[in-house]
Structures are given as structure tokens and as C-alpha cells.
Amino acid sequence: MITMTDVGKVYKSGEVETHALRHVSVTIEEGEFVVILGPSGSGKSTLLNVISGLDSVSSGTIYFRDKELTRLSTDQMTVFRREHLGFIFQQYNLLQNLTAYENVQIGADIGSAPLDVDELLGKVGLREARDKYPHQLSGGEQLRVSVARSLAKNPDIIFCDEPTGSLDEANSKKVLRLLQELNEDYKKTVVVITHNTGISEMADKVIKMNSGEITDLRHNAVKKDAQ
Ligand code: ADP
Ligand code: ADP
């Protein structure tokens, strides 16, 4: 689904050059649950940003199916992102004056073939909370609204940058379990960035990064469910 070949990314600020990505070549298959793992500063966010077109590459190519993303203009990339990509942010970015349902509907409104909002709310365990406002929801519930919103437009791939940063171990597992279910039920490709090594056993593919390079690439033949 995504093929990156020899991708490099250099940030220049004055005299200082930071090689955030070096010779990164990797593929992500349709429907895969991919975890990108590595310490702070290893290039995980940069990798996500260039795959999703939020940032340009310095060298190399990235294909999404047969479309070369690294050739698209900024405007074309914006359209592509809107049609194909979903994001889950660490800050939930929910609109406080809208209900859970209405927040998820905003996601659906963006898509050309959106998912059914009520069905999705049921799927993430928010049927009862449908008409509540964010301040009436627990942190975990707000996160589930934000997950549902990102899925509502029916993207082909969902990116999740450190989704569990503010959650404790038990709750972070709940979130990942939810992502795993969505990956299975909706056949979505999911790419999760984390520095939590505990979640890598849930993935189909684990990409380990250090100093801008892929230091290890592993396929899990049998993936474990989150406990
Ligand atoms: P990670 O997500 O693994 O913490 P990043 O991709 O954020 O790593 O960063 C990789 C390297 O690139 C780091 O050295 C970081 O300081 C640098 N970097 C990231 N973004 C920028 C930027 N916008 N300008 C300059 N340097 C950056
Ligand atoms: P659930 O709704 O899945 O049962 P809860 O919302 O009750 O989960 O709570 C999960 C726990 O995680 C709470 O103790 C809460 O403090 C914490 N938590 C959830 N979201 C956040 C957040 N965004 N920031 C900090 N802590 C959070």
C-alpha cells in the first residue's frame, strides 16, 4: 500500500543539519497493523509526517498504491490526505460545544463514502454517551470519540502518534485494543508510533528506529491480543 524507497529527511537551521531520516526503505501492506518504535528523537514523527505529506522528503520516493506522493503539489497532497488518511492526535481536539455524535459527524462530513456514525459510536462503546458533550465525558470516552471521528470519513489508513502518552498502562492497552478491533473489523491499515515496547507484540509489523535509520524490521506471524 505504501512503499518508501531510500527516503532521507534533513532539517537545516542555520549551520546545523539534522538528519532526521537516512536511507529509509520500507513497505506497509493493505490492512497491516504497523508499530513504529524508537526512542525520542529517533525520527518516528518525521517518518509519519513524510508518509502523510505533512512534511516533504529531502530525497527518495514514497508511493501510495500507484500514486507517487513525493511528486504531488501541496494542494494535491491536501486533497489526498483528506480522502485517504485518518489521524488520531494525542490532544483529542474535540469541539466542546458539540455532542459526541456531532463531533463524529464532523469526521463523516469530510469523507466521500463515510461510515455510519451511530454504528461507529456503538463500535467504540459510546452508544449511551451519544448526546453528551466532551466535558461530560471521561478522558477515555473522549479519546474514543476522537478515534471514532478519525474513522468516520472512512480513510484507508489511520495514523496514531503516541496515542497512549497521557494514559496509564491499563488504559493505553484499552486504546490499542480498540485500534486492533478497528483494524480487524474495518480492514483498516493502522500505523501507530510509540516508545512503549509493550505494544509491539500486537502488531503485524514492527519498525524499529534509531538516529533516523531503521535498525530492525520484524513481521509477527502470530500477533497477540492486548490483554
Ligand atoms: P521522534 O518522533 O522519534 O521523537 P522526530 O522525528 O521528532 O523523532 O525527530 C527526529 C530528529 O529530527 C530529532 O533530532 C529532532 O530534533 C529533529 N527534528 C524534528 N523536527 C524538526 C524540525 N521541524 N526542525 C528541526 N529539527 C527537527
Ligand atoms: P474508560 O472510559 O475507558 O473507562 P476513563 O476515562 O474512565 O477510561 O479513565 C481512564 C483513566 O485514564 C482515568 O483515570 C483518567 O485519569 C486517565 N485519562 C484518560 N484520558 C486522559 C487524558 N487525556 N489525560 C490524562 N489522563 C487521562
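An unreviewed UniProt entry lists the protein under the name ABC transporter ATP-binding protein, with Alkalicoccus halolimnae given as the organism. According to the UniProt record, the Sequence similarities (unreviewed entry) comment for the protein is "Belongs to the ABC transporter superfamily."

Spatially, the six strands line up as an open sheet ordered E6-E7-E8-E3-E9-E10, and their pairing is mixed. Each end of this open sheet is capped by a strand with a single partner; those strands are strand E6 (85-88) and strand E10 (213-219). Between one strand axis and the next, the sheet turns by 15 degrees as a mean value, whatever way the strands run. Of the strand pairs in this sheet, strand E3 (residues 33-37) and strand E8 (residues 189-194) are connected by five bridges, and their pairing is parallel. Each bridged residue has a counterpart across the sheet, and for Val 34 the counterpart in E8 is Val 191. Here helix H5 (residues 139-152) sits on the sheet in contact with E6 and strand E7 (157-161), set at roughly 170 degrees to E6.

Another aspect to go through is the packing of aromatic side chains. How two aromatic rings sit relative to each other is given by the distance of their centres and the angle of their planes. Throughout the structure, instances matching the rule amount to two aromatic pairs. With a centroid separation of 4.9 Å and 75 degrees between ring planes, the pair formed by Phe 64 and Phe 80 is classed as edge-to-face. With a gap of 16 residues between them, Phe 64 in strand E4 (residues 59-64) and Phe 80 in helix H2 (residues 74-84) connect regions that are remote in the sequence. In terms of burial, Phe 64 and Phe 80 fall into one category: buried. Summarising the aromatic geometry, the rings of Phe 87 and Phe 159 are spaced 5.6 Å apart at their centres and angled 25 degrees between planes, so their arrangement reads as stacked. Of the two residues, Phe 87 sits in strand E6 while Phe 159 sits in strand E7, which places them 72 residues apart along the sequence. Residue Phe 87 shares its accessibility class with Phe 159, and that shared class is buried.

A cluster of nonpolar residues, Leu 95, Ile 106 and Ile 110, forms a patch on the protein surface that exposes about 230 Å² of accessible area. With respect to the secondary-structure elements, Leu 95 resides in the loop between E6 and helix H3 (100-110).

Now for the pairing of strand E2 (residues 16-28). One ladder, built from nine bridges, connects strand E1 (residues 2-13) with E2; its direction is antiparallel. Counted as the bridge partner of Ile 2 is Ile 28 from E2. The hairpin turn running from E1 into E2, its antiparallel successor, is two residues long, and Gly 14 in that turn takes a positive phi close to 65 degrees.

Next up on the list: helix H1 (residues 44-51). The buried fraction of H1 amounts to six of the eight residues, a majority that puts the element mostly inside the structure. All of the buried residues in H1 are Lys 44, Thr 46, Leu 47, Leu 48, Val 50 and Ile 51. Downstream of H1 by one or two residues, Gly 53 has phi in the positive range, about 75 degrees.

Criteria and thresholds
Residues numbered from 1 in each chain as written. Chains lettered and ligands numbered in written order. Predicted model: local features only at pLDDT ≥ 70, side-chain atom pairs only at ≥ 80, totals over all residues. Heavy atoms only, no water. UniProt positions renumbered as here; feature names shortened; annotations may be inferred. Pairing = 2+ DSSP bridges. Helix = DSSP H or I, 4+ residues; strand = E, 2+ residues; numbered from the N terminus. Axes fitted to C-alpha atoms, helices over the stretch in contact; angles between N-to-C directions. Contact = heavy atoms within 4.5 Å. Phe/Tyr/Trp six-rings, centres within 6.5 Å; stacked < 30°, edge-to-face > 60°. Buried < 20%, exposed > 50% of the residue type's maximum accessible area, 1.4 Å probe, protein only. Patch = residues over 30% accessible without salt bridge, like charges linked within 9 Å, V, L, I, M, F, W, Y side chains within 5 Å. Areas by Shrake-Rupley, 256 points an atom, 1.4 Å probe, with all protein chains shown as cover. Salt bridge = Lys/Arg side-chain N within 4 Å of Asp/Glu carboxyl O.

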